[in-house]
Amino acid sequence: MSKILVAPSILAADFSNLAEEVRKVESAGADWIHCDIMDGHFVDNISFGPMVVEVVRKQTKLPLDVHLMIEHADHYVPRFVDAGANSITVHVEPEARHDVGKTLQQIRDAGCRVGLTLNPATSFDLLEPFLDKIDMLLVMTVHPGFGGQSFRAEQMEKVKCAAEWNKTRDRKIEIEVDGGINPETARVSIQNGANVLVAGTSIFRSGDYAKTIRDLRGD
Ligand code: DX5
Ligand code: ZN
């Protein structure tokens, strides 16, 4: 079984102390740092851009896992690469308004891990043409836009589909889940085949980052 990775989402961090929060989760045992980019068009919220990713880059050596919840991701990929992204995940929905295949190739050519994601309302079928082109599938377990929402267990069907797809291939894709992930929903996600856990609220609202990260992993 693949190693379980924990990627704290800084959307839930104390932004008045962001540098310190990044250093704290790193020393608490985080594997990646998840950066939620929102443009107020693709999702009904605005978060932060490449400038903040650049600040985070200076605070940690951990891989930066950038989740683009934006329209025209292709236009912005170069800026997030320059800001220090190690992994860039884009949305498959037509509302994201980019040529998915081309953007995935653009991320690959830039030397980043290639991620693709879909909203809870989007069918797994939409991913089929792209699964051979990606390194990671992010299954949204909440509708994107806000932290602190409840886990949507029916999305485990998509995690299972991705795990089945992996069984038929030599090259495995990472299966990441994102939204409402706490120690209990992490266990459900891992049981269904996920190996990367994004968690914002459950980590940053806990009094003990290291314990929460261990509990998420099931250590
Ligand atoms: C939501 C983001 C998630 C979110 C996670 O649009 O993609 O990464 O920040 O939130 P929690 O872990 O707080 O549910
Ligand atoms: Zn995210």
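Coordinates for the structure precede this section.
A brief report on the enclosed structure follows.

Here is what the cut-offs are and how they apply
- Residues numbered from 1 in each chain as written.
- Chains lettered and ligands numbered in written order.
- Predicted model: local features only at pLDDT ≥ 70, side-chain atom pairs only at ≥ 80, totals over all residues.
- Heavy atoms only, no water.
- Helix = DSSP H or I, 4+ residues; strand = E, 2+ residues; numbered from the N terminus.
- Buried < 20%, exposed > 50% of the residue type's maximum accessible area, 1.4 Å probe, protein only.
- Contact = heavy atoms within 4.5 Å.
- Arc of directions from axis to C-beta.
- Polar contact = N/O pair within 3.5 Å; in protein donor to acceptor, adjacent residues only side chain to side chain.
- Donors = N, O, S within 2.8 Å, 3.2 Å for Na, K, Ca; no water.
- Tetrahedral: all angles 85-135°; square planar, octahedral: opposite > 155°, others 65-115°.
- Axes fitted to C-alpha atoms, helices over the stretch in contact; angles between N-to-C directions.
- Parallel < 35°, antiparallel > 145°, perpendicular 65-115°, else oblique.
- Left-handed = near helix turned anticlockwise from the far one by under 90°.
- Nonpolar A, V, L, I, M, F, W, Y, C, P; charged D, E, K, R; others polar.

Focus on unusual backbone geometry
Part 1: In the Ramachandran plot, His-72 falls in the positive-phi region, its phi being about 55 degrees despite a non-glycine side chain.
Part 2: Mapped onto the fold, His-72 is located in the loop between strand 3 (64–69) and helix 3 (73–83).
Part 3: A relative accessible area of 34% places His-72 in the partly exposed class.
Part 4: Located in the positive-phi region is Arg-97, a residue other than glycine, with phi close to 50 degrees.
Part 5: Take Arg-97: it is sitting in the loop between strand 4 (87–91) and helix 4 (100–109).
Part 6: Here Arg-97 falls in the partly exposed class, since its relative accessible area comes to 49%.

Section: the side chain of Thr-122
Part 1: Here Thr-122 lies in the loop between strand 5 (113–118) and strand 6 (136–140).
Part 2: Judged by its relative accessible area of 11%, Thr-122 is buried.
Part 3: Discounting residues that sit within four places of it in the chain, Thr-122 has contacts with Val-92, Glu-93 and Lys-158.

Digging into helix 8 (residues 209–217)
Part 1: By the burial criterion, the buried members of helix 8 are Tyr-209, Thr-212, Ile-213, Leu-216 and Arg-217. Buried residues of helix 8 fall within an arc of 135 degrees about the axis and therefore sit on the same side.
Part 2: In this structure, the buried side of helix 8 is in contact with strand 1 (5–8), helix 1 (18–27), helix 6 (183–192), strand 8 (196–199) and helix 7 (201–204).
Part 3: Where helix 8 begins, one side-chain oxygen reaches toward the backbone nitrogen of Ala-210, 3.2 Å away; that side chain belongs to Asp-208.
Part 4: Looking one or two residues past helix 8, Gly-218 carries a phi angle of roughly 85 degrees, positive in sign.

Describing the coordination of the zinc ion (ligand 2)
Part 1: The protein atoms donating to the zinc ion (ligand 2) are His-34 (NE2), Asp-36 (OD), His-67 (ND1) and Asp-178 (OD), with metal-donor distances spanning 2.0 to 2.3 Å.
Part 2: Of note is the zinc ion (ligand 2), whose six donor atoms meet at the metal with angles of 66 to 173 degrees in an arrangement that counts as octahedral.

Re the packing of helix 1 against helix 2 (residues 50–59)
Part 1: Across the interface, helix 1 lies against helix 2 with an axial gap of 9 Å and an inter-helix angle of 50 degrees. One finds that helix 1 runs oblique with respect to helix 2. Read as a crossing pair, helix 1 and helix 2 show a hand that is right-handed. Two secondary-structure elements touch here, helix 1 through Leu-18, Ala-19, Val-22, Arg-23 and Glu-26 and helix 2 through Val-52, Val-56 and Gln-59.
Part 2: Among the residues forming the contact of helix 1 with helix 2, the class breakdown is five nonpolar, one polar and two charged.

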